[in-house]
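The primary structure of each chain is shown beneath.
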Amino acid sequence: MTHPAQPKASHFINGEYVEDTAGTPIPVIYAATGEQIATVHAATPAIVEQALSTAKEAQKAWAKMTGTERGRILRRAADIMRERNHDLSVLETYDTGKPLQETLVADATSGADALEYFGGLAASLTGEHIPLGEDWVYTKREALGLCVGIGAWNYPTQIACWKGAPALACGNAMVFKPSETTPLCALKVAEILIEAGAPAGVFNVVQGMGEVGGALVTDPRVDKVSLTGSVPTGKKVYAAAAEGMKHVTMELGGKSPLIIFDDADIDNAVGGAINGNFYSSGQVCSNGTRVFVQKGIKEKFLARLAERTGNAILGDPMDEATSFGPMVTENQMNIVLGYIEKGKEEGARLICGGKRADMDGYFIEPTVFADVTDDMTIAREEIFGPVMSVLDFDTEEEVVARANDTEFGLSAGVFTKDFTRAHRVIGNLEAGSCFINSYNDAPVEAPFGGVKASGVGRENSKEAIKHFSQVKSVYVRMGDVEAAF
Ligand code: NAD
């Protein structure tokens, strides 16, 4: 019998499901059991062509609609997503393995927020009137045209919406390629947009590996590329986009610092460290994986952290009591286990976890290392799994310098009751998305993105509009033209 997660076909182009079985088969594996639940096929060159030409054509009429009309469609799509939250969350769990306890509140809901927010903004995207005596300049905020979105595997619904909603609000069309690891959810986003009244072809989904992403990025008809992925992929995609002088948004990896001063509320700080390391089993780009704890509270912090981490419920992700799911793939599990071994070899002190859980699926126990030093591999490289490194520090000056000593700059957090210090420390940290006495909140109203190797551009908020539109300025002369001859 066909599994309920199996989509009707691999791709969604011009308002309908499209198949081309000549493409490489991509198995969809449910991470909690290792069982294959669906198959899709990578886009063939013919499918890529169909998606790009359809989107290019559809964009023209879409951009001519009023912002109010476009916004209404996006807001309707948001309503449909909320109505279907349960089914979409189950699919998200099949796609990623993340527990339903999370997906019910963090995925389709976050996608719906983006559709609603950008739907609301669509009608207010205007230009300026700039008086110059009798003459004047006016500006228009115009769509970029054809945008490509490429997703990572940790938030397949959210990423499709965080890219699709602002792109469509501005009058662009999009071809979205989900990660080959999680190909299912974006198809539902495309389906829902059509149901909400979006014209066929303005949001299309094609499947495939890096090769398909590469074909999309290098196509001369594409005006913008928005990627969520790792830094190495980001470098390749950014370079390819530069060849064609395309706009980019790069949402890449991180190794973010979470700094806990000894005046912090310990339980809140432990809660922040748990949210910033173990949510989605640690597969979150903005995670605060270098937890710097001031020496005075170190052992107290570690004791409370170990106690609370022991309360994680590993199990069937479809059981709402489960609070901690598997790694997305066997490969990702092995990468993370490799880092755990490195941590042990390099002399970090294992506080809890540290191994694969004794159960089906790709589960790793939530793992905490203490006495981690700045030069250890687990403190330098993005692990993208449930491995928290706790490092000690003495002074504010020292910790800020050490926190910034990384190629990454996605996020940073600080826990302290001293608000002057909190703002000063955040002011000195090289990171794009920061938190004070909290960690990993990502409301659509707030800009999200990194500095340094962690990215270019911002998603969400009014900032995202700037990255999916461009300004045309028009000089209007009211009098005669003077010329030299
Ligand atoms: P990845 O870089 O391996 O792949 C990301 C996407 O890029 C996939 O869809 C992949 O098929 C595609 N791709 C790969 N090579 C390509 C190429 N040459 N041209 C075009 N597309 C190509 O990343 P991943 O393993 O799917 O995701 C994990 C990474 O994503 C982590 O580093 C994580 O930090 C990052 N991430 C960042 C954010 C953020 O918002 N900053 C969010 C989630 C994940």
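In the block above lies the structure referred to throughout.
Residues numbered from 1 in each chain as written. Predicted model: local features only at pLDDT ≥ 70, side-chain atom pairs only at ≥ 80, totals over all residues. Heavy atoms only, no water.

Secondary structure summary: the protein contains 16 helices and 20 strands in total. Computed over C-alpha atoms, the radius of gyration of the protein comes to 23 Å, within 12% of the 23 Å expected from 2.2 N^0.38 for 485 residues, which places it in the range of a compact globule. Seen through its C-alpha atoms, the protein measures out along the principal axes to roughly 80 × 65 × 40 Å. Evaluated residue by residue, the protein yields a buried proportion of 58% over its 485 residues. Across the protein, every contact between residues at least 6 apart in sequence was considered, and the portion connecting residues at least 24 apart equals 73%. Split by element, the accessible area of the protein, about 19300 Å² in all, is 51% carbon and sulfur. Averaging the positions of the 44 positive and the 64 negative side-chain charges in the protein gives two centres separated by 3 Å. (Helix = DSSP H or I, 4+ residues; strand = E, 2+ residues; numbered from the N terminus. Rg over C-alpha atoms; globule rule 2.2 N^0.38 Å. Buried < 20%, exposed > 50% of the residue type's maximum accessible area, 1.4 Å probe, protein only. Contact = heavy atoms within 4.5 Å. Areas by Shrake-Rupley, 256 points an atom, 1.4 Å probe, with all protein chains shown as cover. Lys, Arg positive; Asp, Glu negative; His and termini not counted. Charge placed at Lys NZ, Arg CZ, Asp CG, Glu CD.)

For the ligand, the set of nearby residues contains 27 residues, the closest of which are Gly151, Glu180, Ser230, Thr233 and Glu382. At a separation of 3.5 Å, a nitrogen atom of the ligand approaches a polar side-chain atom of Glu251. When the ligand is considered free in solution it has 850 Å² of accessible area, and contact with the protein chains removes 86% of it. For the shell around the ligand, the secondary structure elements donating two or more residues are helix H8 (210-218), strand S10 (224-228) and helix H9 (231-243). Here the element with the most residues in the shell around the ligand is H8; it accounts for three residues. (Near = heavy atom within 4 Å. Polar contact = N/O pair within 3.5 Å; in protein donor to acceptor, adjacent residues only side chain to side chain.)

On to the sheet that holds strand S16 (residues 387-393), then. Sheets are built from strands that pair by backbone hydrogen bonding, the pairs being arranged parallel or antiparallel. If you walk across this open sheet you meet the seven strands as S14-S15-S16-S13-S12-S17-S18, and the pairing is mixed. Two strands close off the open sheet at either side, each with one partner strand: strand S14 (349-352) and strand S18 (433-436). Direction aside, neighbouring strands of the sheet carry axes that sit 20° apart on average. With three bridges connecting them, strand S12 (residues 257-260) and strand S17 (residues 411-415) associate as parallel partners. For Leu258, the partnering residue across the bridge sits in S17 and is Gly413. (Pairing = 2+ DSSP bridges. Axes fitted to C-alpha atoms, helices over the stretch in contact; angles between N-to-C directions.)

Judged by nonpolar contacts, the single largest core of 56 residues is most densely connected at Met81, Leu115, Phe118, Leu168, Met174, Leu193 and Phe203. Elements with a contribution of two residues or more to this core: helix H1 (45-64), helix H2 (67-83), helix H5 (108-121), helix H6 (156-169), strand S8 (173-177), helix H7 (185-195), strand S9 (203-205) and helix H16 (461-467). Take this core: its biggest share by element is eight residues, from H6. If sequence neighbours within four positions are ignored, Phe203 has contacts with Phe12, Ala160, Gly164, Leu168, Met174, Phe176, Ala186, Val189, Ala190 and Leu193. Grouped together as the second largest cluster of nonpolar side chains are 32 residues, Phe261, Leu337, Ala348 and Ile378 included. (Core = buried A, V, L, I, M, F, W, Y, C linked by side-chain atoms within 4.5 Å.)

Moving on to the packing of aromatic side chains. Per the counting criterion, the structure on display carries ten aromatic pairs. Judged by centre distance (6.3 Å) and plane angle (20°), the rings of Phe176 and Phe203 are stacked. Within this pair, whereas Phe176 is found in strand S8, its partner Phe203 is found in strand S9, the two being separated by 27 residues in sequence. In terms of burial, Phe176 and Phe203 fall into one category: buried. With 4.8 Å between their ring centres and 45° between their planes, Phe435 and Tyr439 make a pair best called tilted. Each member of the pair, Phe435 together with Tyr439, is buried. One residue, Lys224, lies across the ring of Phe468, its end atom 4.4 Å from the ring centre. Across the ring face of Phe261, the terminal group of Arg421 is positioned such that the distance to the ring centre comes to 3.9 Å. (Phe/Tyr/Trp six-rings, centres within 6.5 Å; stacked < 30°, edge-to-face > 60°. Lys NZ or Arg CZ within 6 Å of the ring centre and 35° of its normal.)

This brings us to the side chain of Ser110. If you trace the backbone, Ser110 turns up in helix H5. In this structure Ser110 touches Gln158 and Trp162, once residues within four positions along its chain are discounted.

Below, the discussion takes up the pattern of salt bridges. Throughout the structure, instances matching the rule amount to 30 salt bridges. Its salt-bridge partner being Arg221, residue Glu49 comes within 2.7 Å of it at the nearest N-O pair. Within this pair, whereas Glu49 is found in helix H1, its partner Arg221 is found in the loop between H8 and S10, the two being separated by 172 residues in sequence. Residue class for Glu49 comes out partly exposed when judged on its relative accessible area of 38%. (Salt bridge = Lys/Arg side-chain N within 4 Å of Asp/Glu carboxyl O.)

Functional significance is not addressed by these values, which are geometric in nature.
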